[in-house]
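Chain by chain, the residues run as shown.
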Amino acid sequence: MTWLSWRQQRTETIVAAALLALLAVVFVPEGIHVADLFVHQHVARCINRQTQACSFVLGNFTLSTGSLQGLFASGWFNLVPGLIGVALAVPVLHELENGTVRLAWTQSVTRRRWLVSKLGFAVGTVLLAAGCFTLLFTWYQQPLDRAFGRWDHFDFEWIVPFGYTLFALGLALAIGVLVRRSAAALVVAYGLYVAGRVFVESWLRKRFITPLSATFGQSSAGPNLSHAWVISEFPSNKAGRPFVGTPGVFQNCAKVGPAGFKHLNQGCMVRHGAGFTHAVYQPASRFWEFQGIETALFGGAALLLIAFAAWRILRTD
Amino acid sequence: MTPALETQGLGRRYGSQWALHGCTLEIPRGTVTALVGPNGAGKTTLLRLAVGLTSPSAGSVRVFGLDPREQDAEALPRVGFLAQEHPLYGSFTVEEMLRVGRELNPGWDDEAAHARIAELELPLKKKVRTLSGGQRAQVALTLALAKRPELLLLDEPVASLDPLARREFLQSVVEAVADRDLTVILSSHILADLERVCDHLVILALGRTQLVGSIDEIVASHRLLTGPRDQAEDVSRMHDVVRESHAERQTTLLVRANGHIYDAQWTVHELDLEEIVLAYLGQDAARRREAVLS
């Protein structure tokens, strides 16, 4: 049964491996380059330091990492775990669609053993692929993470990719056993995968744990937000209420200093309901909790979907 | 000895439609049974129930006394099944298909499988999807035979084959039966396909069994009677009337006789198997017409 399961998903495994290899070909040289920049530009010295010189160093580091980093930051590569997960559902769905299960289920192997082997192979391959994916990008992002914090690349690092790929696999299997037409099932599953990811990323994730908030005056440094996930940050009054006045206020409160620089009179600003900054954020220290919650969310959904598919397949007449 | 296949009031419903209903039969070991009936009579459903691909909605099915669905680990190795479309993995080579058989069946006879493929001159390295329909059927049959089942179920095995491939295929089945202790059930909607190789017959129509028995016994017990119309009722009290047609004074009855018919007023004709089967299927057609009209 092991040989058969492998033989039947050989093509899909090769496709997934090729996709990952392509990413590696692009991002391994780029990763080496970024790591070099990190060393040569002495970025390490400026981690968590908010001096003017350091903000110059960090800014320069960002600029010199180049266009590939921009493409990466755009989030397009979030599609990859979905593709791999959906692709590895194909061998099972194909067999159900083509009716070759009538061959497989009338050999001496019971339906349960067949299912355990097929699903075991699919899940194993998906986890292996997710492992390669997260290894590549976690490594690639290390210098940037150290400089700017890990929240920016939350979706590509550490354990969450395992949850995502498994989720895509579960969706494709569950929808596949319902509609029984592989092509349609894969399209629908992929659409739902993207929808699920977008929903969690844009709405749900920041609510996993109630975010912290802080209101601080312009002269004070406030909490260190350089490695935090800042959900919102806006001018406010002392109580943290958003500033609702007109820009004219700033004109009125502007004072021309000795060297001709304009600066805002703090007392004047406070009187007009401004002068403070209010930030809502998740601190850097919560990164692992969030990774855990997100992985459990997608991984848990994946297990439910896979269990549903298995139940349907066992009951198939 | 427990029969190879035994069903008790077996039924399978799809939605509100019974594909098979109240099917009770017993197929003794070592027989070759033709399962005959029009399309949609429930032949495929019966075979699928016997191999556990489908679960019953009513009644029970046992192969060698085992429930094919609940006791699949014990029952599956003893039953071979060949679905109508001869499903095989199209992207596999013939050799790889044989490996599938080897990996999935503890009782697999690898030597016999390879010998059979060689004898049929099937190319081992060719992909299954490039083979002709007849060749595919032979590969599928090789798989089913090399599993060394005790009961072999063949669902419309020759329907998709040309006459030559049909002959070859059935010849293979006959040889397999001769080789060892094997019970075979073949289904078809055309009896002529199977008559040559079978010794038992099951007629399914309208989702029910119409006739079960050995072909010799069936041929021996069915008679065509011609006689006076006013005495037709007396005959039907004694024997099972399968079909009747009336002229003005004369009646023709096709009966399954319970005992000897000796009434001098009736002329008795013997029937061949095909006439008998047609009578049962004609009965089915008549009932279907009634069902439509009512």
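Because the structure is predicted, anything quoted here is derived from the model rather than measured.

J.: What exactly am I supposed to notice about the overall build of chain A here?
T.: Looking only at helices and strands, one finds 13 helices and 5 strands in chain A. Its C-alpha atoms give chain A a radius of gyration of 26 Å, more than 25% over the compact-globule value 20 Å for 317 residues. Based on the C-alpha atoms only, the size of chain A along its principal axes is roughly 90 × 40 × 30 Å. Residue burial in chain A is summarised as follows: out of 317 residues, 33% are buried.

J.: Honestly, the overall build of chain B in this entry has me stumped. Any pointers?
T.: Along the backbone of chain B there are 9 helices and 13 strands. By its C-alpha atoms, chain B is 70 × 40 × 40 Å across when sized along the principal axes. Contacts spanning at least 24 positions in sequence make up 69% of the contacts within chain B whose residues lie at least 6 apart.

J.: Sorry if this is basic, but what is going on with the pairing of strand β1 (residues 5-14) of chain B here?
T.: The side chains of a regular strand alternate between the sheet's two faces. All names here are of chain B. Here β1 pairs with strand β4 (residues 58-63) via 5 bridges, running antiparallel. What sits directly across from Glu-6, in β4, is Arg-62. Note that β1 and strand β2 (residues 17-27) share 7 bridges and pair antiparallel. Paired with Arg-13 across the strands is Trp-18, a residue of β2.

J.: Would you explain the sheet that holds β1(B) in this entry?
T.: The strands that make up a sheet pair up through hydrogen bonds in the backbone, lying either parallel or antiparallel. Residues and elements named next belong to chain B. Judged by pairing direction, the sheet is antiparallel, and its 3 strands sit side by side in the order β2-β1-β4 without closing on themselves. Pairing within the sheet leaves two strands with one partner each, and these edge strands are β2 and β4. With direction set aside, neighbouring strand axes in the sheet form an average angle of 25°.

J.: How do you make sense of the domain arrangement of chain A when you look at a structure like this?
T.: Many structure descriptions define interface size as the accessible area lost when the parts assemble. When its domains are assigned, chain A resolves into domain 1 (2-40 + 78-207 + 287-315) and domain 2 (212-282). Of note, the centres of domain 1 of chain A and domain 2 of chain A, computed from C-alpha atoms alone, are 45 Å apart.

J.: Quick question: what am I supposed to make of the interface of chain B and chain A here?
T.: In this assembly, 23 residues from chain B lie in contact with 17 residues from chain A. For the side of chain B that touches chain A, the secondary structure elements donating two or more residues are α2 (72-75) and α3 (94-104) of chain B. With 5 residues, α3(B) is the largest single contributor of residues to the side of chain B that touches chain A. Class assignment of the residues belonging to the side of chain B that touches chain A gives a composition of 13 nonpolar, 4 polar and 6 charged.

J.: What is the right way to look at the sheet that holds strand β2 (residues 229-236) of chain A in this model?
T.: All names here are of chain A. Strand order in this open sheet of 3 strands is β1-β5-β2, and the pairing throughout is antiparallel. Pairing within the sheet leaves two strands with one partner each, and these edge strands are β1 (212-217) and β2. In this sheet, neighbouring strand axes are inclined to one another by 20° on average, regardless of whether the strands run parallel or antiparallel.

J.: I'm lost on the pairing of strand β11 (residues 240-246) of chain B in this one. Help?
T.: Residue and element names in this part refer to chain B. Pairing geometry for β11 and strand β12 (residues 250-256), over 6 bridges, is antiparallel. Along β12, the bridge assignment pairs Glu-244 with Leu-253. Once β11 ends, the chain turns through 3 residues before running back antiparallel as β12.

J.: So what exactly am I meant to see when it comes to helix α3 (residues 52-64) of chain A here?
T.: Given 3.6 residues per helical turn, the α-helix brings residues three or four places apart onto the same face. For α3(A), with 13 residues, the first-to-last C-alpha span of 18 Å sits near the 18 Å given by 1.5 Å per residue. Looking one or two residues past α3(A), Gly66(A) carries a phi angle of roughly 90°, positive in sign.

J.: For this particular structure, what's the right way to read the nonpolar core?
T.: Side chains of a nonpolar character, in soluble globular proteins, are inclined to be buried together. Formed by 86 residues in total, the largest nonpolar core has its most connected members in Ala50(B), Met97(B), Leu153(B) and Ile203(B). For this core, the element with the highest residue contribution is helix α5 (residues 133-146) of chain B, accounting for 8 residues. In this structure, Leu153(B) is in contact with Leu47(B), Ala50(B), Val51(B), Val79(B), Gly80(B), Phe81(B) and Ile185(B), ignoring residues within four places of it in sequence. Among the nonpolar cores identified, the runner-up in size contains 48 residues, and Ala87(A), Ala89(A), Leu93(A) and Leu305(A) belong to it.

J.: Hey, could you run me through unusual backbone geometry in this one?
T.: Trans peptide bonds make up most of the peptide bonds, and negative phi angles are found at most residues other than glycine. With a phi close to 55°, Trp158(A) is a non-glycine residue in the positive phi region. If you trace the backbone, Trp158(A) turns up in the loop between α8 (111-148) and α9 (160-179). You will see that Glu121(B), though not glycine, has its phi angle at about 55°, which is positive. Mapped onto the secondary structure, Glu121(B) falls in the loop between α4 (110-119) and α5. In this structure Glu121(B) comes out as exposed when scored by C-beta crowding, with 7 C-beta atoms within 10 Å.

Parameters at a glance
- Throughout, residues of each chain are indexed from 1 in the direction in which the sequence is written.
- Each chain is given a letter, starting from A, and each ligand a number, starting from 1, according to the order in which they appear as written.
- Confidence filtering applies because this is a predicted model: local features only for residues at pLDDT of at least 70, side-chain atom pairs given and counted only at 80 or more, and all residues used for totals across whole chains, interfaces and linings.
- Going along the chain from the N terminus, every DSSP run of H or I of four or more residues is numbered as a helix, and every run of E of two or more is numbered as a strand.
- With the radius of gyration taken over C-alpha atoms, the globule rule is written as 2.2 Å times the number of residues to the power 0.38.
- We call a residue exposed when 12 or fewer other C-beta atoms sit within 10 Å of its C-beta, buried when the count reaches 20 or more, and partly exposed for counts in between; the C-beta positions come from the backbone.
- For every residue pair, C-beta atoms are placed from the backbone, and the pair is scored as a contact if these atoms sit within 7 Å.
- Between any two strands, at least two bridges found by DSSP are needed for them to pair.
- Convention adopted: a line fitted to C-alpha atoms gives each axis, helices being fitted over their contacting stretch, and angles between N-to-C directions are expressed from 0 to 180 degrees.
- Each domain's extent is set by a domain assignment, obtained either automatically or from a database.
- All residues other than Ala, Val, Leu, Ile, Met, Phe, Trp, Tyr, Cys, Pro, Asp, Glu, Lys and Arg, Gly among them, are scored as polar; the first ten of these are nonpolar and the last four charged.
- The span one expects for a helix is its residue count, reduced by one, times 1.5 Å.
- To form a nonpolar core, buried Ala, Val, Leu, Ile, Met, Phe, Trp, Tyr and Cys residues must be joined through C-beta atoms within 7 Å.

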